[in-house]
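What follows is each chain in one-letter form.
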Amino acid sequence: MPEYELDMVNRDPNGLNDHVRVLFEEVLAEPDGAHSFDCVWNCAYKCFNCWKGCCYKTLTLLCGIPLAICWGCEFAYITFWHVWYVTPCMRAYMINCGCLQKFYGTCLQCYLQPLCEACSYCFSNIRVTNYTG
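Below is a summary of the structure that appears in this document. Just so it is clear, the structure is predicted and the values come from calculations on it, not from any experiment. (Residues numbered from 1 in each chain as written. Predicted model: local features only at pLDDT ≥ 70, side-chain atom pairs only at ≥ 80, totals over all residues. Heavy atoms only, no water.)

**Looking at the overall build of the chain**
- Check the secondary structure of the chain and you find two helices and zero strands.
- A compact globule built from 133 residues should have a C-alpha radius of gyration of about 14 Å, whereas the chain, at 34 Å, is more than 25% larger.
- For the chain, the C-alpha atoms occupy an extent of roughly 95 × 65 × 25 Å along the three principal directions.
- Taking all 133 residues of the chain together, the buried fraction comes to 1%.
- Working note: accessible area of the chain is about 12,800 Å², and carbon and sulfur atoms make up 67% of it.
- Charge-centre separation for the chain: the mean point of 8 positive side chains lies 11 Å from the mean point of 12 negative side chains. (Helix = DSSP H or I, 4+ residues; strand = E, 2+ residues; numbered from the N terminus. Rg over C-alpha atoms; globule rule 2.2 N^0.38 Å. Buried < 20%, exposed > 50% of the residue type's maximum accessible area, 1.4 Å probe, protein only. Areas by Shrake-Rupley, 256 points an atom, 1.4 Å probe, with all protein chains shown as cover. Lys, Arg positive; Asp, Glu negative; His and termini not counted. Charge placed at Lys NZ, Arg CZ, Asp CG, Glu CD.)

**Side note on a nonpolar patch on the surface**
- Together, Leu67, Trp71, Phe75, Tyr77, Ile78, Phe80, Trp81, Val83, Trp84 and Tyr85 line one region of the surface with nonpolar side chains, adding up to about 1,100 Å² of accessible area.
- Position of Ile78 relative to the elements: it lies in helix 2 (residues 38-123). (Patch = residues over 30% accessible without salt bridge, like charges linked within 9 Å, V, L, I, M, F, W, Y side chains within 5 Å. Salt bridge = Lys/Arg side-chain N within 4 Å of Asp/Glu carboxyl O.)

**Examining the environment of Val128**
- Within the secondary structure, Val128 sits in the segment after helix 2.
- In this structure Val128 comes out as exposed when scored by relative accessible area, which is 71%.
- Separated by 106 residues in sequence, Val128 and Val22 have C-alpha atoms that sit 75 Å apart.

**Considering the packing of aromatic side chains**
- Applying the stated criterion to the full structure yields six aromatic pairs.
- A ring pair is formed by Trp71 and Phe75, whose centres lie 6.0 Å apart and whose planes are at 40°; its orientation type is tilted. Taken as a pair, Trp71 and Phe75 lie in helix 2 at a separation of four residues, close to a single helical turn.
- An aromatic cluster is built from Phe24, Trp41, Tyr45 and Phe48, whose rings are joined through pairwise contacts. (Phe/Tyr/Trp six-rings, centres within 6.5 Å; stacked < 30°, edge-to-face > 60°.)

**Points about the environment of Glu25**
- Structurally, the position occupied by Glu25 is in helix 1 (residues 24-27).
- Placed 20 residues apart in sequence, Glu25 and Tyr45 show a C-alpha to C-alpha distance of 8.8 Å.

**So, the pattern of salt bridges**
- Counted by the stated rule, this structure contains one salt bridge.
- Among the ionic pairs, Arg21 bridges to Glu26, the shortest N-O distance being 3.8 Å.
- By relative accessible area, which is 48% here, Arg21 ends up partly exposed.
- The partly exposed category is assigned to Glu26, whose relative accessible area is 40%.

Right, here's the structure in full:
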């Protein structure tokens, strides 16, 4: 199995978490006409980024590895379940559906098709004439 190179710069190459916007400008914004003092806005920016970074890093340090283990086990279980149960069940279902499809088609051809043909012969001699008068 080839070794996968981990990208340490772009950690979301597939954009899985694009919905989680945590940049200061995407969370806090002051509209025109409602601006705080520049020093307050600058301090808020620095505090937001500092605390967001510290809290996130602390949470990942405490919970990141245990959660990675849990999610690894979860996806291993899902993969196992699909490989050894779901896919074989779906295949058996599709085989049975193919058999039922042939049975149903044969029943239609044997019973319904002659009935429809007989009705069509009965109604084939009907002529409609429009008189305007």
